[in-house]
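# Geometric and topological summary
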Amino acid sequence: MDFSVAPLRPVTREFLAIVLAGFGNELVPLSGDLGNQPCAKALLPISNKPMVDYVLSWIEKSGIRDVLLICPPSHRPSISHFIYSESLASSSSLRIDLQTFDDSQGLSIGTCSVLRHFSSRIKEDFVILPCDFIAPPSLPLSRLLNKFRIETMSDGAIVNSCWFEPPPGKTAVPEEWGSNTQSTPIVWDNSTGTLLYVDTLDNTDRNPEEFELRMSLLCRYPRTNMSSKLQDSHVYVCKREVLSVLQQKSEFESLREDFFPWLCKLQYQQTRHAKYGSALGSVEGSEPSSPDEDHENQSVRRSLRVGVVMHRAKEGFCIRANDLPSYLEANRHFVNSASYTLPSDPQMRSLIDPKSSISPDSTIGDFTKVDERATIKKSVIGKHCVIGKMAKIVGCVILDHCVIADGAKLESSILGKNTRVGSKASLVHCVTQGGYEVKENENYRNERLDITDWDAETNEEEEEDGDDDASEDGDEESS
C-alpha cells in the first residue's frame, strides 16, 4: 500500500468578479461634482451605506474572493479610500484590484470596450456586475454561479444572465427627474432556461409597436415564454472565451444591445453556430473522480447557449439604483424595514433633542444634530447633518453634512452632500447637487437643482445690483 504524500497542486481561482462603476449620468445632479471634488456614483449611499458595498457583500457571500473594480480616473481617490478604509479592510475577505478606464462623462463607453481593454487581466471565467445592483437574500449570487457550472459542463453554455421583475407600485416622481429604467422585452425557453431574444433600441426604433421572431427560432423552441416586464440586472457570468468573441467582433459596444442579441441568434441559425462554435472550440469536462480509477476528460460541444435566471417581485425586493426614481425607491425600501431607536452612545444621544419627533421608519446617521420640535418621517438622514428647530422632513434622502435651517420643509426630495437649506424654505420633489444652497424662504417644486443654475442666478443678481448702482451714480451726476 502506497502511503506517499501526494504533491501539492496550486489552487486556481474559479471566477473573477468585475464590478463596473461609471459616472452615474442618470443620477445627475446628485452625482455632480462637489466643487473640485468628483462625486463617485459607487459611493452614493443607500440607507447610509455606499451602494457598491451591497454588491461587494453579495460577491463575498458567493465565495468569490478576487474583484476587479473599474471606475473613471477622477473617482479613483475616493473609491480607493473607501476600499482601504479600516472598517472595510478589517471586515472583508475580498482582494480588490482597483483600475481606471479613461472614459469621458459625455461619451458612454460600452461594456464590450471595457472588457477588451482589460482582457489581459482576466485569466479565468468571470462575473460582470454593476455597482448599483441590490439583490434580496432569495437571490444569492451562488445561484447564478451554480447554474453556470452545471450548464457549461453539461452542454457547453457560454453565458448566464439574470433578469428581474421591478418592485410593484414604485414611488411616483415628477417628469423633471427623468424616466424610470425601462423594462426590456425578452423571449426565453423555460424548460432549458435559455435566453432566445433580447429586444434592442434599434428594433424599437424600427418597429416600436411589435417585435419579430424568426420561424427558425419557433421551430426549434415551439413553447417559448415572452415578457416585457423584466429588467436586465447587468449581472453576467461568462466563460473566458467570451473575450475571444469580443476581439473578433470589434464593432460590438454593448453586451445587451450588441453581443447578447447576436449570441441568441446562434441558438437557431446553424450556419452562424457552426462558424463561431468551431472558433470557440470545445469545453473540457470530466466525470466525477473515484479513489480507484482515473477518468479521462471528455470534450463537450459548445452550445454557445445564454442561460437565464428569472427573479420575480414576489420573491423579494430587487432593484438597480441607476436613476433618480430607483435611487429613492431603494432608500425607501430600507427605511420601511428600519426600526429607529435613540443612539446608545451618550455623545450622539445628546445631539437628538428630546422634543424632536423621529418616526421608527427613519434612519439617522452618526453625529447628526436634531433640534427641538423638528419632525422626521420615513426619511434617511446622513452623518454630521444639522436639522433645525421646527424643520419638517417627510420621505426624503439627505446625504452627509447637510444643514436644514429652522422651519424648513422638505418632502420627497433628495439632497446631495453639503446642501444647505435656508430657514422657512420649502422643497417638494426636488433633487440637489452637492453643495447647493437654498436661500431663506425660497420655494421649489419638481426641480433638479444644480450648482450651474445657482451660479447663474447669483451672477444675474450681481449684474442687476451693478446696474442699479450705475443708475444711481448717473442720477447723482445729473443732479
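Residues numbered from 1 in each chain as written. Predicted model: local features only at pLDDT ≥ 70, side-chain atom pairs only at ≥ 80, totals over all residues. Heavy atoms only, no water.

## Digging into the overall build of the protein
Within the protein one finds 13 helices and 31 strands. Counting every position in the protein, which comprises 479 residues, the buried fraction comes to 49%. Looking at the protein alone, contacts between residues at least 24 apart form 58% of all its contacts between residues at least 6 apart. Surface accessibility of the protein: about 24200 Å² in total, with carbon and sulfur atoms responsible for 47%. (Helix = DSSP H or I, 4+ residues; strand = E, 2+ residues; numbered from the N terminus. Buried < 20%, exposed > 50% of the residue type's maximum accessible area, 1.4 Å probe, protein only. Contact = heavy atoms within 4.5 Å. Areas by Shrake-Rupley, 256 points an atom, 1.4 Å probe, with all protein chains shown as cover.)

## Here we look at the pattern of salt bridges
Per the counting criterion, the structure on display carries 14 salt bridges. For the salt bridge of Lys249 with Glu251, the shortest nitrogen-to-oxygen distance reads 3.6 Å. Note on Glu251: relative accessible area 48%, which makes it partly exposed. Residue Asp371 is joined to Lys369 by a salt bridge in which the shortest nitrogen-to-oxygen separation is 2.2 Å. Classification of Asp371 as buried rests on a relative accessible area of 14%. (Salt bridge = Lys/Arg side-chain N within 4 Å of Asp/Glu carboxyl O.)

## Some details on the environment of Glu151
Inspection of the secondary structure assignment puts Glu151 in helix H5 (residues 141-154). Considered as a pair, Glu151 and Thr192 are 41 residues apart in the sequence and their alpha carbons are 9.7 Å apart. In contact with Glu151, not counting residues within four places along its chain, are Gly156, Ala157, Thr192, Arg305 and Gly307.

## Considering unusual backbone geometry
Here the residue pair Val28 and Pro29 is connected by a cis peptide bond, since its omega of 10 degrees sits within 30 degrees of zero. By the element assignment, Pro29 lies in the loop between strand S1 (15-20) and helix H1 (51-61). Its identity as a non-glycine residue notwithstanding, His401 has a phi of 65 degrees, on the positive side. Mapped onto the elements of the fold, His401 is located in the loop between strand S22 (397-398) and strand S23 (403-404). Of the residues examined, His401 reaches a relative accessible area of 36% and is grouped as partly exposed.

## Here's the deal with the sheet that holds strand S19 (residues 380-381)
In spatial order, the strands read S16-S19-S22-S25-S28-S31; together these 6 strands make up an open sheet with parallel pairing. Strands with a single pairing partner mark the edges of an open sheet, and in this sheet they are strand S16 (363-364) and strand S31 (448-449). Here S16 runs beside S19; their pairing, made up of 2 bridges, is parallel. Paired with Thr363 across the two strands is Val380, which belongs to S19. (Pairing = 2+ DSSP bridges.)

## Observations concerning the environment of Ile319
Looking at the secondary structure, you find Ile319 in strand S14 (residues 319-320). Along the primary structure Ile319 and Pro166 are separated by 153 residues, whereas in three dimensions their C-alpha atoms are 6.3 Å apart.

## Some thoughts on the pairing of strand S6 (residues 159-164)
Most of S6 sits inside the fold, with 6 of its 6 residues counted as buried. Of the two faces of S6, both are covered, the one formed by Val159, Ser161 and Trp163 as well as the one formed by Asn160, Cys162 and Phe164. Pairing between S6 and strand S10 (residues 231-238): 5 bridges, direction antiparallel. The residue of S10 that forms the bridge with Trp163 is Asp232. Bridge count for S6 against strand S13 (residues 306-311) is 6 bridges, and the pairing is parallel. Residue pairing in the sheet places Ser161 in a bridge with Val308 of S13.

## Points about the state of the cysteines
Summed over the entire model, instances satisfying the criterion amount to 0 disulfides. Of the cysteine sulfurs around Cys430, a residue in no disulfide, the closest is that of Cys396, at 9.6 Å. Take Cys430: its relative accessible area is 0%, and that puts it in the buried class. (Disulfide = S-S within 2.5 Å.)

## Section: the sheet that holds strand S15 (residues 357-358)
Taken together, 6 strands build an open sheet; the order of strands is S15-S18-S21-S24-S27-S30 and the sheet is parallel. Every other strand in the sheet has two partners, leaving S15 and strand S30 (443-445) as the edge strands with one partner each. Sheet topology places strand S27 (residues 426-428) next to S30; 3 bridges connect them, and they run parallel. Its bridge partner being in S30, Val428 is matched across the sheet by Arg445.

## Quick notes on helix H11 (residues 324-336)
Its 13 residues place the ends of H11 18 Å apart at the C-alpha level, agreeing with the 18 Å of an ideal helix rising 1.5 Å per residue. For H11, the tally of buried residues reaches 10 of 13 residues, placing the bulk of the element in the interior. Listing the buried residues of H11 in full gives Leu324, Pro325, Ser326, Tyr327, Leu328, Glu329, Ala330, Asn331, Arg332 and Val335. One side-chain oxygen of the residue at the start of H11 lies 2.8 Å from the amide nitrogen of Ser326, identifying that residue as Asp323. (Expected span 1.5 Å × (residues − 1). Polar contact = N/O pair within 3.5 Å; in protein donor to acceptor, adjacent residues only side chain to side chain.)

## Some remarks on the nonpolar core
If you look at soluble globular proteins, the nonpolar side chains tend to sit buried side by side. Of all hydrophobic cores here, the largest spans 57 residues; its most connected members are Val19, Ile59, Leu69, Val127, Leu129, Leu141 and Tyr327. Looking at this core, the element that brings in the most residues is H1, giving 7 residues. Residues within four places of Tyr327 in sequence aside, it is in contact with Leu27, Leu30, Leu44, Pro45, Ile46, Met51, Ala321, Val397, Leu399 and Ile414. Grouped together as the second largest cluster of nonpolar side chains are 38 residues, Cys238, Val242, Val245 and Trp262 included. (Core = buried A, V, L, I, M, F, W, Y, C linked by side-chain atoms within 4.5 Å.)

## Here we look at the packing of aromatic side chains
The tally for this structure, following the rule as stated, stands at 10 aromatic pairs. Aromatic pair Tyr236 and Phe260: ring centres 4.7 Å apart, planes at 65 degrees, arrangement edge-to-face. Here Phe260 lies in helix H9 (residues 255-265) and Tyr236 lies in strand S10, a separation of 24 residues in the sequence. Neither Tyr236 nor Phe260 differs from the other in exposure class; each is buried. (Phe/Tyr/Trp six-rings, centres within 6.5 Å; stacked < 30°, edge-to-face > 60°.)

## Overview of the confidence of the model for the protein
Chain-level statistics for the protein give a pLDDT mean of 85 and a share of 82% at 70 or above. Here residues 282-300 is modelled with pLDDT under 50, and outside its nearest four sequence neighbours on either side it reaches 27 contacts, counting other chains as well. (pLDDT = per-residue confidence, 0-100.)

## Observations regarding the environment of Ala313
Mapped onto the elements, Ala313 comes out in the loop between S13 and S14. For the pair Ala313 and Phe164, spaced 149 residues apart in sequence, the C-alpha separation works out to 7.4 Å.

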